[in-house]
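# Examining the three-dimensional arrangement
One-letter residues, chain by chain:
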Amino acid sequence: MNVSRSLLWSVILVSLVGCAGEIKRIDIAIPGQYSRASVSACFPVTLRVAVLPFEDKRANKLFLGKWSHRWGDFSLFKFSSGSLADASTQALVDYLNRQGWHASSVHTVSKDSADVTITGSIQDLSIDAISGVMHTDLSAKNTLILEVRNHSDESVARMALLGVGKDQVFWFNPEDAQSLTTELFEKNFQKFLGDIRIEGRAIRPR
């Protein structure tokens, strides 16, 4: 199914290139530099948290979205380099550690090396910009599914995190798209922390 969708997108892109000429590609870093994120003032979380690599389950893995210019041509937003799944995994690890947690990105895990294991999947990550007369409208979406497994009792908690953002700017700059994408990741990670509680050596949903 994913192969067919990717092939379909390839055909569409080839067709569009023929109409619009050369397409400019704009790199988007994941998650980018948080501009308003602050380090938690709470006591550090002593749980040892292992985060396994996320799965990329997006229907379209070729690009993140597009910027439709006022005169009909467009530019594509794409992930800057490496694996989007790996970058998203590391983004969660970095965010947790900045909030006082003890988290690490791993490929294998055992009960002796961690109290909790988190796995995840990227269901959607998209950003689009449409330029008109003296304005550009931006919209973005980021959907993550996280699964928390507590090794103390092998209990499992699953949660869906959906971030949606919109913005309008007078003069569009690719940094506007980067900022909105980064903000979505931050909001989803904040929601994750707001939806859980620490109970002994385990993470429980509120």
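Values in this document were obtained by computation on a predicted structure and should not be read as measured data. (Residues numbered from 1 in each chain as written. Predicted model: local features only at pLDDT ≥ 70, side-chain atom pairs only at ≥ 80, totals over all residues. Heavy atoms only, no water.)

### Considerations on the pattern of salt bridges
As a reminder, the rule being used: One side-chain nitrogen of Lys or Arg within 4 Å of one carboxyl oxygen of Asp or Glu is enough to make a salt bridge. For every residue, the accessible area obtained with a 1.4 Å probe (protein chains only) is divided by the maximum for its type, and the residue is called buried under 20%, exposed over 50%, and partly exposed between those limits.
Counted under the stated rule, the structure contains twelve salt bridges. The salt bridge partner of Asp195 is Lys191, with a shortest N-O separation of 2.8 Å. When its relative accessible area of 28% is taken as the criterion, Asp195 is described as partly exposed. One network of salt bridges, in which partners are shared, links Asp153, Arg197, Glu199 and Arg204.

### Quick word on the pairing of strand β2 (residues 48-51)
Quick reminder of the rule: For two strands to count as paired, DSSP must find a minimum of two bridges between them. Secondary structure elements are defined from DSSP: runs of H or I of at least 4 residues count as helices, runs of E of at least 2 residues count as strands, and each element is numbered from the N terminus.
Where β2 and strand β6 (residues 102-105) come together, four bridges link them in parallel fashion. Paired with Ala50 across the bridge in β6 is Ser104. By the bridge criterion, three bridges tie β2 to strand β7 (residues 116-132) in an arrangement that is parallel. For Val49, the partnering residue across the bridge sits in β7 and is Val116.

### Some remarks on the nonpolar core
As a rule of thumb, nonpolar side chains are buried together in soluble globular proteins. The criterion, for reference: Note on terminology: a nonpolar core comprises buried Ala, Val, Leu, Ile, Met, Phe, Trp, Tyr and Cys residues joined through side-chain atoms within 4.5 Å. Here a residue-residue contact requires only that any non-hydrogen atoms of the pair lie within 4.5 Å.
Residues Phe77, Ile118 and Phe192 are the most contacted members of the largest nonpolar core, which totals 46 residues. Taken together, the elements giving at least two residues each to this core come down to β1 (24-28), β2, β5 (74-79), α2 (84-98), β7, β8 (135-150), β9 (156-169) and α3 (174-194). Sort the elements by how many residues they give to this core and α2 lands first, with eight residues. Apart from the residues lying within four places of it in its own chain, the contact partners of Ile118 are Val49, Ala50, Val51, Leu52, Leu92, Leu96, Leu146, Glu147, Val148 and Phe192.

### Details of the packing of α2 against α3
How two helices sit against one another is set out by the angle between their axes and by the gap between those axes. Applicable threshold: An axis is simply a line fitted to the C-alpha atoms; with a helix, the fit covers only the stretch in contact. Between two such axes, the angle follows the N-to-C directions and lies from 0 to 180 degrees. An angle below 35 degrees is treated as roughly parallel, one above 145 as roughly antiparallel, one from 65 to 115 as roughly perpendicular, and anything else as oblique. Rotating anticlockwise by less than a right angle from the far helix to the near helix defines a left-handed crossing, while the corresponding clockwise rotation defines a right-handed one. Under the scheme applied, nonpolar residues are Ala, Val, Leu, Ile, Met, Phe, Trp, Tyr, Cys and Pro; charged residues are Asp, Glu, Lys and Arg; polar residues are all the others, including Gly.
It is the contact of α2 with α3, at a shortest axis distance of 11 Å, that shows an interaxial angle of 55 degrees. Here α2 lies oblique to α3, going by the angle between them. Here α2 runs over α3; the crossing is right-handed. Judged by residue contacts, Ser88, Ala91, Leu92, Tyr95 and Leu96 of α2 engage Phe185, Glu186, Phe189, Gln190, Phe192 and Leu193 from α3. Within the contact of α2 with α3, the residues separate by chemical class into eight nonpolar, two polar and one charged.

### Describing the packing of aromatic side chains
Quick note on the threshold: Working definition: a ring pair exists when centres of Phe, Tyr or Trp rings (six-membered ring for Trp) sit within 6.5 Å. Plane angles under 30 degrees give stacked, over 60 give edge-to-face, the rest tilted.
Taken as a whole and judged by the stated rule, the model has four aromatic pairs. Pairing Phe77 with Phe172 gives two aromatic rings, centres 6.4 Å apart and planes at 70 degrees, and the pair type is edge-to-face. Separated by 95 residues along the polypeptide, Phe77 in strand β5 and Phe172 in the loop between β9 and α3 bring together distant segments of the chain. Residue Phe77 shares its accessibility class with Phe172, and that shared class is buried. Seen from their ring centres, Tyr95 and Phe189 are 5.6 Å apart, and the 45 degrees between their planes marks the pair as tilted. Residue Tyr95 is found in helix α2, and its partner Phe189 is found in helix α3; the two are separated by 94 residues along the sequence. There is no split in this pair, since Tyr95 and Phe189 are both buried.

### Quick look at a nonpolar patch on the surface
Selection criterion: Within the patch definition used here, like charges are joined within 9 Å and nonpolar side chains (Val, Leu, Ile, Met, Phe, Trp, Tyr) within 5 Å, considering only residues with over 30% relative accessible area and no salt bridge. Only the protein chains shown count as cover for residues, and the accessible areas themselves come from Shrake-Rupley with a 1.4 Å probe.
Taken together, the side chains of Val133, Met134, Phe170 and Trp171 present a nonpolar region at the surface, about 550 Å² in accessible area. Along the polypeptide, Val133 turns up in the loop between β7 and β8. Judged by relative accessible area, Val133 falls into the exposed class, the value being 52%.

### As for the environment of Ala157
In this structure, Ala157 sits in strand β9. In this structure, the C-alpha to C-alpha distance between Ala157 and Pro205, residues 48 residues apart in sequence, is 6.8 Å. In this structure Ala157 touches Leu146, Glu147, Val148 and Pro205, once residues within four positions along its chain are discounted.

### Some words on unusual backbone geometry
Residues Ile30 and Pro31 are joined by a peptide bond in cis, for which omega reads 0 degrees. Among the structural elements, Pro31 can be located in the loop between β1 and β2. Despite not being glycine, Met134 has its phi angle at roughly 65 degrees, a positive value. Structurally, Met134 can be placed in the loop between β7 and β8. The class of Met134 is exposed, set by a relative accessible area of 59%. Backbone geometry places Glu154, a non-glycine residue, at a positive phi of 60 degrees. Position of Glu154 relative to the elements: it lies in the loop between β8 and β9. With a relative accessible area of 33%, Glu154 lands in the partly exposed category.

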